[in-house]
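This is what each chain is made of:
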Amino acid sequence: MSLTASTEHTVLWPLTGGIHPPEMKLLSNTTPIQRLLPANEYFLPLPQVGETAVLAIKQGQRVLKGQPLTRGISAMYLAVHAPTSGIITAIEPRPSNHPSALPVLTCVVQSDGLDEAVSFTAASEPLSHEQILQRIRDAGIAGMGGAMFPSHIKLNPASKVKRLIINGVECEPYITADDRLMREYASDILKGVALMQQLLQPETTTIAIEDNKPEAAQAMRQALAASTLSQCSIQVIPTKYPSGGEKQLIQILTGQEVPSGAIPAHLGIVVQNVGTAFAIQQAVYQGVPLLERVLTVTGSNIEKPGNYWVSVGTPIRHILEQTGFKATPDSKVIVGGPMMGYTLPTVDVPVLKGSNCLLLPQAQELADAPQERSCIRCGECAQVCPVSLLPQQLYWHAKAAEYDKAENFHLQDCIECGCCSYVCPSDIPLVQYYRVAKAAIRKTREEKLHAEHAKMRFEARSLRMEQEKQEREAKAREAAEKRKSAMSGNEKDAVAAALARVKAKQAAQSAVKESPAPTTADNKATIAEAVSGIKAQNQESSGSNVTNQEDKKAAIAAAIVRAKAKKIAATPTLTETLTASAPTQAADKKAKVAAAIASAKAKRTQAADTPNTEAQLAAPNATDKQAMIAAAVAKAKARKAAVENTSAEVDNAAVTEEASSAPTTLTESTTDAAKKARIAAAVAKAKAKKASSATATEAPEKTTAASTIAAAAKQHTEGNMPETVNTDGDTHASVSLSDDKKARVAAAVAKAKQKARERAREQENN
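Residues numbered from 1 in each chain as written. Predicted model: local features only at pLDDT ≥ 70, side-chain atom pairs only at ≥ 80, totals over all residues. Heavy atoms only, no water.

Visitor: How would you sum up the packing of helix α4 (residues 177-184) against helix α8 (residues 274-286)? Please name residues and give values.
Guide: How two helices sit against one another is set out by the angle between their axes and by the gap between those axes. Where α4 contacts α8, the two axes come as close as 9 Å, and the packing angle between them is 50°. As far as their axial angle goes, α8 and α4 are oblique. Two secondary-structure elements touch here, α4 through Asp 178, Leu 181 and Met 182 and α8 through Val 274, Gly 275 and Phe 278. Here the residues of the contact of α4 with α8 sort into 4 nonpolar, 1 polar and 1 charged. (Axes fitted to C-alpha atoms, helices over the stretch in contact; angles between N-to-C directions. Helix = DSSP H or I, 4+ residues; strand = E, 2+ residues; numbered from the N terminus. Parallel < 35°, antiparallel > 145°, perpendicular 65-115°, else oblique. Contact = heavy atoms within 4.5 Å. Nonpolar A, V, L, I, M, F, W, Y, C, P; charged D, E, K, R; others polar.)

So, in structure tokens, the structure goes:
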């Protein structure tokens, strides 16, 4: 190809916006590319492990130079290789080469100094399209201009490519890595361009170089003239920042503007860096993966500025030590250029595949950012924006965290070139605001995507569980039908009979649960029947000649009968508590009167019985005690009657409701209770007369018997009266009941109480 054809001039379109900052390239582009001494250890970040890659090594393993450290599991996989031979001492999170220095999984390789490499396989014959792409993928080649996008994806577009652009502009101040690479390795770069042409089959190929790099442009022209490339030209463009941006370079060369949210491939254009072209020819023709790159180390705060071949993973600290960095408290270490670079918080981070410059300026060379002031709405930022955005509007929305509105002003189209911050008279770090807003939007989108994936997984799980449930039910029905069809007639009858028995048992249990519990009236009726039986036995025993012990038992039984009769006769009602407090008070007064009468009669009896017998004369204190006991019994009974009447008032509500539906039953039960009480009183009188025939010599035993009866009465009053009471002698009960007058008093008291209860019931029924 002739030199004239290779330098074919085409029409250039002007770049919208842009600035002309000081170039400062002479600090590093005057010397050839050099090599630094190898480092003792290398840090190789593995950010794709767990997502698109898996580890192929383990801690403590020895690796060789060029040995893969990971294996790919997706199309976006970017291979990582050992830069030298040595031992893997750690696989752990280490600070990343990022403004935040956030930790990232890192493989630490301790160099053994041998630099022993694996066997690289060179291409001995022409390779197919697939073989070339596979070699590029295995070599881990990414965009060397800074984006680090996997090259094997970019070189395999889905649509037809009309134009291939090789970017050698390098518009950022201070950076000269591509300049020196084109000067020294022009023919190797063109070999890589030829491989790209073979993969993409473009109609035309353009190598773009800024006019501030005349030596690089001349070297590329000479190499192109000596090559066999067709439809390839070298285009020199005016120097203006940021003309080296992908979309800006397309606009300058073709006049086409990449739509918002689109990529150059949509226009049939592919852009690659000259450093990427050099790495591709090494990988395809020599079989060498991307192990090193050219790095510009420049600035006034360094003794040996220049361009160096640096292995990927070399610590920044090692480079600073090798180039004579003059460390001061206010020193800065910037990765990239002054416009788009960032300051490192620590120098213990590695060189990446996309790292092209290490800037070490002095304080007066690149001062700290001044204090931010308020926006004056001058509009300078909008005039220099190469994407024709409205930076001031993006600033307001980003500062107010109104990210949705910032997106409406096409925040994602910002290339973060820094032109707006460079010309801002208020010294507002606009690019920093845009980066924060982009990160927040990216995080929100990731969270939304995770939520959608979680929802899809939940729905899939619910559907799977429902299907499994239906399948289990279908299997159960099928098994039941098979068992049913396999049964004989007798077996079916047996199953039906068993089911019938189970249902009958369940019905009986439910009927028992639903049947009402026995009422208090039923319990009282049962007790009354038992009492009647006891009274009948007592009457039979009184008609025969029995011993004194039998008389004593009869007396105790009579006391028990009277107490139970009183308890049965008392029918508790709630109405007495709520509306008949007066009858209760009257009953209490009558009980007290009866007690007083009993006391008076006891005293009279004592006076009348004093001259009758010698026993009574010998034991007057016993008679007094008997009278006192009788009075105490009467008082206890009165208190019990009051308590029972009160409890009767509480329970009367339920009884009244039942009485309204069955008045005849209530009247009969009341009459029976009264009759039983009168019978009990008559039995007590008969036993008292019989006991009066006892001899006077038994008088001293009266006190003991009376005490026994009083204790029985007291126990009955407290609701704990036993059926039988044990005494010390067989004749104590008969002696205690020999007093006919006391028996008559007790009978009179019982009758009075009975009448009071009947009147209370009559008032209740009325």
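Visitor: Would you mind going over the sheet that holds strand β4 (residues 62-63) in detail, with residue names and values included?
Guide: What the 4 strands build is an open sheet, ordered β2-β7-β6-β4; its pairing is antiparallel. Where the open sheet ends on each side, the last strands, each with one partner, are β2 (41-45) and β4. Of the strand pairs in this sheet, β4 and strand β6 (residues 86-95) are connected by 2 bridges, and their pairing is antiparallel. Note that in β6 the partner of Arg 62 across the bridge is Ile 87. (Pairing = 2+ DSSP bridges.)

Visitor: Pulling in residues and values, what's your account of the pattern of salt bridges?
Guide: This structure, assessed with the given rule, holds 17 salt bridges. Here Lys 154 ties to Glu 246 by a salt bridge, and the two come within 3.2 Å at their closest N and O atoms. With a gap of 92 residues between them, Lys 154 in helix α3 (residues 151-154) and Glu 246 in helix α7 (residues 246-254) connect regions that are remote in the sequence. Here Glu 246 falls in the partly exposed class, since its relative accessible area comes to 29%. Two residues, Arg 183 and Glu 215, come together in a salt bridge whose shortest N-O distance is 3.3 Å. Here Arg 183 is found in helix α4, whereas its partner Glu 215 is found in helix α6 (residues 214-226), with 32 residues between them in sequence. A network of salt bridges, in which partner residues are shared, links Arg 62, Asp 112 and Glu 116. (Salt bridge = Lys/Arg side-chain N within 4 Å of Asp/Glu carboxyl O. Buried < 20%, exposed > 50% of the residue type's maximum accessible area, 1.4 Å probe, protein only.)

Visitor: Which residues make up the side chain of Lys 438, and what values go with them?
Guide: Along the chain, Lys 438 falls in helix α14 (residues 430-486). At 3.2 Å, the side chain of Lys 438 and the side chain of Glu 416 are in polar contact. Other than its neighbours up to four places away in sequence, Lys 438 contacts Leu 411, Gln 412, Cys 414 and Glu 416. (Polar contact = N/O pair within 3.5 Å; in protein donor to acceptor, adjacent residues only side chain to side chain.)

Visitor: Lay out the sheet that holds strand β10 (residues 232-237) in plain terms, naming residues and giving numbers.
Guide: Strand order across the open sheet formed by 4 strands is β10-β9-β8-β11, with parallel pairing between neighbours. The open sheet terminates on both sides in strands that have one partner only, identified here as β10 and β11 (269-273). Averaged over neighbouring strand pairs, the angle between their axes works out to 25° when direction is ignored. In terms of strand pairing, strand β9 (residues 204-210) meets β10 through 6 bridges, oriented parallel. Counterpart to Ile 207 in the pairing with β10 is Ile 234. Across the sheet, α8 lies against β8 (163-168) and β11, angled at about 80° from β11, the strand it touches most.

Visitor: Describe helix α11 (residues 391-399), and please don't skip the residues or the numbers.
Guide: Those residues of α11 that sit buried are Pro 391, Leu 394, Tyr 395, His 397 and Ala 398. In this structure, the buried residues of α11 make contact with α10 (380-384), α12 (403-408), α13 (419-423) and α14. The first or second residue beyond α11 is Ala 401, which carries a positive phi of 60°.

Visitor: Could you give an account of the environment of Gln 392, with specific residues and numbers?
Guide: By the element assignment, Gln 392 lies in helix α11. With 11 residues separating them in the primary sequence, Gln 392 and Cys 381 have C-alpha atoms 7.2 Å apart. Setting aside residues up to four positions removed in sequence, Gln 392 forms contacts with Cys 381, Ala 382 and Tyr 434.

Visitor: Can you lay out a nonpolar patch on the surface for me, pointing to particular residues and giving the numbers?
Guide: Nonpolar side chains collect at one region of the surface, where Met 487, Val 495 and Leu 499 lie side by side and expose about 240 Å² of accessible area between them. Note on Val 495: relative accessible area 37%, which makes it partly exposed. (Patch = residues over 30% accessible without salt bridge, like charges linked within 9 Å, V, L, I, M, F, W, Y side chains within 5 Å. Areas by Shrake-Rupley, 256 points an atom, 1.4 Å probe, with all protein chains shown as cover.)

Visitor: An account of unusual backbone geometry is requested, with residue identities and associated values reported.
Guide: With an omega dihedral of 5°, the bond running from Tyr 241 to Pro 242 counts as a cis peptide bond. For Pro 242, the location among the structural elements is in the loop between β10 and α7. Positive phi is not limited to glycine here, since Ala 401 has a value of about 60°. With respect to the helices and strands, the residue Ala 401 is situated in the loop between α11 and α12. With phi around 55°, Asp 427 is a residue other than glycine that occupies positive phi space. Here Asp 427 lies in the loop between α13 and α14.

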